[in-house]
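A look at the structure
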Amino acid sequence: MSDELFNREEFISYFRDEAEELLQQIDGDLLKLEESVSAGLDPEIINSLFRALHTVKGSSGMLGFTDVQSLAHKLENLADLLRKERMPLSESSVDILFTGRDLLTGLVQAAIGEEVAPTGVDEYIRKLDQFTSIYEETSHVIEGRTGPELHFEEAAAHEEQASPSDVAAFEAEVERLLAQAQGKKPDEPSAAAPPAFAPVEPAPAPPEPFIQDLPAQPVGAVTPPIQPVTKPAPAGAPKQPNGDQKRSSIHQTIRVDIERLDALLNLVGELVINRTRISDIANTLERLMSDKVNAAGGSSQAIIAPLAKDLADSAALLARTTNEIQESIMKVRMVPIGQVFDRFPRLVRDVAKARGKEVQLVISGAETDLDKTIVDEVGEPLMHLLRNNVDHGIEPPDERERMGKPRAGTITLNAYHEGNQIIIEVADDGAGINIEKVRARGIKQGLISADDRLSDREIVDLIFTPGFSTAEVVSDVSGRGVGMDVVKRNITRLKGVFDVESITGQGTRFTIKLPLTLAIIQALLVRVVDELYAIPLDSVIESQRVEMVDLRTVHGNEVITLRGQVVPLVRISEFFELGGERDPDKVMIVIVGLQGRQVGLVVDSFEGEQEIVIKPLSDVVGRIPGISGATILGNGSISLIIDVHSLVNEARVSGKIARVEFSGV
């Protein structure tokens, strides 16, 4: 086949996306299958698992990924035994499928060149063949089949190679199935047998591929009649009553490269900037016309006034159109956060099993939409949070029972919209954060001294310090002090806010607040000396005009008391070393929220709210503490965007912000 007809790189890209979705589906099916061990096998689950493995096998075979194809075929055989009820559903069979799924993932990633092939595949396939051969031979004996499918000499050889426990399991399964098959009363007619007065000639067997594609029926079950294939009606024939309804329920989608959406979003950003500029020009012209009604004479006024009105109308129409385009592009980039949440049931299951705990993960809000860029980035911090909840939060089953709690701990993962933000909550009903243990470890690692008077919230903040861990032994789950540091760093990089609430003996709740998109946001414009800054509106709680007499000083830094709460202040002019003189009478303050605290940013004036397009700073400029990017305003000037999180942290480290928790103000 020519390269023009078969673009291998393009097909590999499709295979990667499809395989990722199928492997995620396999994970979900295996988790449901594990829950069904005690309740009984659900045919729909095993059929879904079988179809996913079958699709992976076919797609990998088309591209020549023989290792992937071979393992998928072996796992498909095991799933086929389960769906045909030739193998009982047990924890052992589910564990084998879980291990096979992990190896299959590694082989897929190796086939597309992302990782090195996993080790132990051949050994796993050998054990898998031994496991499945026991039940395949059992089913042959029960059904009385002979011929090339069953060679008793080979079966005996397999028995000699198998362990005594495998042989015992095989013999026990044969006895069970024989007893089940002979347990029917002699005079009980078979459900599948035809009436005695109407003998039926056996139909010729269909080709083998057709047999494999038909859904399996349990032994003794009545095979439903095969439904005829519906052909399209000829022209002029009346339509079926439900045909249009069925067709309209199908959602058509296409895959689009994220870079194309990014380029389109950049163009929309430029359109937003020009829309704002045209609106400013129209407003300025209208204001000048009202101020100088008679300055240019009646004739000029008669000409200019209609033009000014037309410009204002055009600017308003452009604004509406731009808003619609912007909202449409944003919706195109939005994907359900469930794409990330679906990874975590397997993660929680594996970590809980490794730590000897019983944990139930409850997910809600998976349909909540979020920008694709943020969805791709939020997975890692959520993974570390869930591992931390399982390892440090949930107690062992026996300990929970002694405390009067259910043996199985519960972790809830929830997402919902709140204004222009998405809120993600990760909570558990475990032991909570041990404040004294965290404090002692902080003193031991030299992060704080024994004389430091810290609030509980400040002590909890220590868990986000790089290298901090309360684990006594380093394991594959925890102990190196990396996970929570990654959580805080990644959430901060996404312009998010992170908060922790913990009650000893009752549990811990982590709350993440993220913007819906990182490209176009609402901002509060403020002036400091001669510079104009933009503060993201998601971080702003309120703005206040405070008299100088209301300011107080704590440890050399300014604070105000707002509704009984002490709020430390940061003067933007001093932080960025802009100079300028202080107003002796009043202070303009923007109250921002940061991880459950409030901080006041002192500015010179408020310039109103505006929708801005975030432009990242050039690599030549580098990172500037307190600045996350820049934007172009309607008049063509450039405004720097304040990074509230880094600005406050930098001010706290440099001593430009008061520690007021125990100041007694």
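Residues numbered from 1 in each chain as written. Predicted model: local features only at pLDDT ≥ 70, side-chain atom pairs only at ≥ 80, totals over all residues. Heavy atoms only, no water.

1. Things to note about the packing of helix 1 (residues 8-39) against helix 2 (residues 43-62)
Taken N-terminus to C-terminus, the directions of helix 1 and helix 2 make an angle of 155 degrees; their axes are 9 Å apart at the nearest point. Considered as vectors, helix 1 and helix 2 are oriented roughly antiparallel to each other. Crossing handedness for the pair helix 1 and helix 2: left-handed. Contacts between helix 1 and helix 2 involve Phe11, Phe15, Glu18, Leu22, Gln25, Ile26, Asp29, Leu30, Lys32, Leu33 and Ser36 from the former and Ile45, Ile46, Ser48, Leu49, Ala52, Leu53, Thr55, Val56, Ser59, Ser60 and Met62 from the latter. (Axes fitted to C-alpha atoms, helices over the stretch in contact; angles between N-to-C directions. Helix = DSSP H or I, 4+ residues; strand = E, 2+ residues; numbered from the N terminus. Parallel < 35°, antiparallel > 145°, perpendicular 65-115°, else oblique. Left-handed = near helix turned anticlockwise from the far one by under 90°. Contact = heavy atoms within 4.5 Å.)

2. Re unusual backbone geometry
Its identity is not glycine, yet Val529 carries a phi of approximately 55 degrees, on the positive side. Positionally, Val529 belongs in the loop between strand 8 (520-528) and strand 9 (531-536). Look at Val529 and you get partly exposed, because its relative accessible area is 25%. The backbone of Glu577 shows a phi angle near 55 degrees, a positive value even though the residue is not glycine. Tracing the chain through its elements places Glu577 in the loop between helix 19 (572-575) and strand 14 (586-594). On the basis of relative accessibility, which here comes to 69%, the residue Glu577 falls in the exposed class. (Buried < 20%, exposed > 50% of the residue type's maximum accessible area, 1.4 Å probe, protein only.)

3. Things to note about the pairing of strand 9
Burial analysis of strand 9 places 5 of its 6 residues in the buried class, which makes it a mostly covered element. Summarising the sheet, strand 8 and strand 9 pair through 6 bridges and their orientation is antiparallel. Note that in strand 9 the partner of Leu525 across the bridge is Ala534. If you look at the hairpin formed by strand 8 and strand 9, you'll find 2 residues sitting between the two strands, and Val529 has a positive phi there, around 55 degrees. One ladder, built from 2 bridges, connects strand 9 with strand 18 (residues 638-642); its direction is parallel. What sits directly across from Ala534, in strand 18, is Ile641. (Pairing = 2+ DSSP bridges.)

4. What to know about the environment of Val375
Along the chain, Val375 falls in helix 14 (residues 372-393). Considering only alpha carbons, one finds Val375 and Pro336, 39 residues apart in sequence, at a separation of 8.3 Å. With residues up to four places along the chain from it excluded, the contact list for Val375 reads Val335, Val340 and Leu370.

5. Some points on the confidence of the model for the protein chain
Looking at the protein chain as a whole, the pLDDT averages 75, with 75% of positions reaching at least 70. Averaged over each element, pLDDT in the protein chain is lowest for helix 8 (residues 208-213) (34) and highest for strand 2 (residues 359-364) (93). Segment residues 146-162 is flagged for pLDDT under 50; beyond a separation of four residues in sequence, or across chains, it makes 9 contacts in the model. Here residues 184-251 is a poorly scored stretch, pLDDT under 50, and it has 17 contacts once near neighbours within four places are set aside; other chains count. (pLDDT = per-residue confidence, 0-100.)

6. Concerning the sheet that holds strand 2
Across the sheet, which stays open at both edges, the 5 strands sit in the order 2-4-5-7-6 with mixed pairing between neighbours. Where the open sheet ends on each side, the last strands, each with one partner, are strand 2 and strand 6 (497-503). Each strand of the sheet is rotated relative to its neighbour by a mean of 15 degrees, with strand direction disregarded. Note: strand 5 (residues 421-428) against strand 7 (residues 507-515), 8 bridges, orientation antiparallel. Counterpart to Val426 in the pairing with strand 7 is Phe510.

7. Describing the nonpolar core
Core analysis: the largest hydrophobic core is formed by 47 residues, its most contacted members being Phe344, Leu382, Leu385, Leu386, Ile424, Phe498 and Leu514. Per-element accounting of this core gives the leading share, 7 residues, to helix 14. Excluding anything up to four places from it in sequence, Leu382 contacts Val340, Phe341, Phe344, Ile424, Val426 and Ile512. (Core = buried A, V, L, I, M, F, W, Y, C linked by side-chain atoms within 4.5 Å.)

8. Quick look at helix 2
End to end, helix 2 covers 29 Å across 20 residues, agreeing with the expected 28 Å (1.5 Å per residue, within 8%). For helix 2, the set of buried residues is Ile45, Ile46, Ser48, Leu49, Phe50, Ala52, Leu53, Val56, Lys57, Ser59 and Ser60. Summarising the contacts, the buried residues of helix 2 are in contact with helix 1, helix 3 (66-83) and helix 4 (91-111). In the stretch just after helix 2, Gly64 is the one whose phi turns positive, near 80 degrees. (Expected span 1.5 Å × (residues − 1).)

9. Focus on the pattern of salt bridges
This model, assessed by the stated rule, comprises 34 salt bridges. Measuring nitrogen to oxygen at the nearest pair gives 2.9 Å for the salt bridge that ties Glu558 to Arg571. One end of the pair, Glu558, is in strand 12 (residues 557-562); the other, Arg571, is in strand 13 (residues 565-571), with 13 residues separating them in the sequence. Here the two residues Glu558 and Arg571 agree in accessibility, since each one is buried. Residues joined by salt bridges that share partners form a network here, namely Asp27, Glu34, Asp95, Arg101, Asp102, Arg346, Arg349, Asp350 and Lys353. (Salt bridge = Lys/Arg side-chain N within 4 Å of Asp/Glu carboxyl O.)

10. Concerning the side chain of Asp27
Tracing the backbone through its elements, the reader meets Asp27 in helix 1. By relative accessible area, Asp27 is classed as buried at 5%. One polar contact links Asp27 to Arg101, side chain to side chain, over a distance of 3.3 Å. Excluding residues within four positions of it along the chain, Asp27 makes contact with Phe98, Arg101 and Arg346. (Polar contact = N/O pair within 3.5 Å; in protein donor to acceptor, adjacent residues only side chain to side chain.)

11. As for the environment of Phe510
In this structure, Phe510 sits in strand 7. With relative accessibility at 2%, the residue Phe510 sits in the buried group. As a C-alpha pair, Phe510 and Val426 span 84 residues in sequence and 5.1 Å in three-dimensional space. The contact partners of Phe510, leaving out residues within four places of it in the chain, are Leu385, Asn388, Asn389, Ile424, Glu425, Val426, Met484, Phe498, Asp499 and Val500.

12. Regarding the packing of aromatic side chains
Considering all chains together, one arrives at 5 aromatic pairs under this definition. Seen from their ring centres, Phe464 and Phe498 are 5.0 Å apart, and the 90 degrees between their planes marks the pair as edge-to-face. A residue pair is termed long-range when its members are at least 10 positions apart, and Phe464 in the loop between helix 17 (456-460) and helix 18 (483-493) and Phe498 in strand 6 qualify at 34 residues. Each member of the pair, Phe464 as well as Phe498, carries the same accessibility label: buried. Taken together through their ring pairs, the aromatic side chains of Phe464, Phe498 and Phe510 make up a single cluster. Over the aromatic face of Phe50 sits the side chain of Arg83, whose NZ or CZ is 3.8 Å from the ring centroid. Between Arg349 and the ring centre of Phe98, over which it is positioned, the NZ or CZ distance is 3.8 Å. (Phe/Tyr/Trp six-rings, centres within 6.5 Å; stacked < 30°, edge-to-face > 60°. Lys NZ or Arg CZ within 6 Å of the ring centre and 35° of its normal.)

13. What about the sheet that holds strand 16 (residues 605-613)?
A sheet is described by the order of its strands in space; here 5 strands give the open sequence 16-8-9-18-17, paired in mixed fashion. Single-partner strands in this sheet number two, and they are strand 16 and strand 17 (627-632). Neighbour to neighbour, the strand axes of the sheet diverge by 35 degrees on average, direction disregarded.

14. Quick notes on the packing of helix 4 against helix 13 (residues 344-354)
The contact between helix 4 and helix 13 brings their axes to 13 Å, and the two run at 120 degrees. Classified by the angle between their axes, helix 4 and helix 13 sit oblique to one another. Considering only the axes of helix 4 and helix 13, their crossing is left-handed. Contacts between helix 4 and helix 13 involve Asp95, Phe98, Arg101 and Asp102 from the former and Arg346, Arg349 and Lys353 from the latter. Tallied by class, residues from the contact of helix 4 with helix 13 come to 1 nonpolar, no polar and 6 charged. (Nonpolar A, V, L, I, M, F, W, Y, C, P; charged D, E, K, R; others polar.)

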